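# Chain and residue survey
The chain contents come next:
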Amino acid sequence: MIPVCYPFIGEKELEYVTDCIKTNWISSKGKYVEEFEEKFAKYCDCNYGITTTNGTTALHLALASINVAKGDEVIIPSFTMIATAFAVIYCGAKPVLVDAKADTLNINAKKIEEKITERTKAIMPVHIYGHSCDMDPIMKLAKKYNLYVVEDAAEVHGAEYKGKKAGGVGDIGCFSFYANKIITCGEGGMIVTNNEKIAEKARSLKNLSFPKGKRIYKHYSVGYNYRMTNIQAAIGLAQLEKIVELIERRRKNAYLYNMLLKDVEGITLPIEKKWAKNVYWMYSILIEDKFGMSRDKLMSKLKEEGIETRSSFIPMHQQPVFHKMGLFKREKYPIAEELSKKGMYLPSSSGLKEKEIRYIFDTIKNIKENLK
Ligand SMILES: Cc1ncc(COP(=O)(O)O)c(C=O)c1O
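None of these values were measured; they are calculated from a predicted model. (Residues numbered from 1 in each chain as written. Predicted model: local features only at pLDDT ≥ 70, side-chain atom pairs only at ≥ 80, totals over all residues. Heavy atoms only, no water.)

This part covers the pattern of salt bridges. In this structure the tally under the stated criterion is 23 salt bridges. Residue R119 is joined to E73 by a salt bridge in which the shortest nitrogen-to-oxygen separation is 3.1 Å. One end of the pair, R119, is in the loop between strand 3 (94-98) and strand 4 (120-123); the other, E73, is in strand 2 (residues 73-77), and 46 residues separate them in sequence. The closest approach of N and O atoms between E118 and R119, which form a salt bridge, is 3.5 Å. For E118, a relative accessible area of 69% corresponds to the exposed category. Judged by relative accessible area, which is 40%, R119 ranks as partly exposed. Overlapping salt bridges bring together E37, R203 and K206 as one network. (Salt bridge = Lys/Arg side-chain N within 4 Å of Asp/Glu carboxyl O. Helix = DSSP H or I, 4+ residues; strand = E, 2+ residues; numbered from the N terminus. Buried < 20%, exposed > 50% of the residue type's maximum accessible area, 1.4 Å probe, protein only.)

Another aspect to go through is the state of the cysteines. Here the structure, examined in full by the defined rule, presents zero disulfides. Here C91 is not disulfide-linked; the sulfur of C174 is the nearest cysteine sulfur, at 11 Å. This cysteine, C185, is not joined by any disulfide, and C20 carries the nearest cysteine sulfur, 11 Å off. Judged by its relative accessible area of 3%, C185 falls in the buried class. (Disulfide = S-S within 2.5 Å.)

Listed below in structure tokens is the structure:
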């Protein structure tokens, strides 16, 4: 089976992890945590990086650090992974949804303003599948209404918006380092920011609100244990050292997919806006009616031929968990619904080989030809 995604790890990761074990630095203190935070923040053109246990806790920590709480609203896209919405819920605040744009799959910036109320505290754009959101209009709205911008950059390490790194444009950027991400720690997350106050608050909150630099058990606010271990950071640092190669591999794979699939009727390919650098975290396609077979049927046919795929996100307004909470029940976001119905991703690992991509293309072509 060609997996939809697997990590690209090697000798360096082993060397750094072995160093942690041999030197006994296996918990959340240690040189790799500091170095990973410093270097990844710098990579995003940010002054501060604060590691966490995963991307979900990075999102929660970001919102907690700007005091999002009960009574507040946070604007998010409906077409996203559920962690974005859960992070808002963890704060006791209300997620407010906006539809997607059909081309980039990202939040439709033109539809944000109508959702802003006096309770809105932040806008949380999510850069979907490797392509940056159109950030200028979002930053403009945030300025006009005095809102924070917290970027969910879980899927876009190294992606760019007008030459700036996605995640480094808003007030805070949140990353995931889950095993299928462009760089991984196994599990892990990080927030990056240029705001010293936010960074300080996040550092304290992620460590049970211990007073800064002191080993005394006196706490002035509720904190969390979101500490990344030195072992995770060791893997992350080794991965960061080869991020350029990892991104180039994903982009090269995407070009080959594009070249092969561009003439297959009924498949819409991912795009790259002229202001963006797409890192193709997932090579995501849409199966249109013209293809002649449903997305689900194609997925199961591919599986029979040893090709693993994944269907796109189910929008937030269609999630039973939120309906049970009385949220979004009668809301409609037609683009998100369409993307969810038609979208799937093909194998997308950085380690994917040219012959595997050609096999995937030949298989899709044969499935289509056999329909005639
Ligand atoms: C857009 C988005 N946000 C947040 C997350 C959560 O990250 P994690 O799985 O590391 O908690 C993911 C995970 O894939 C994601 O895709």
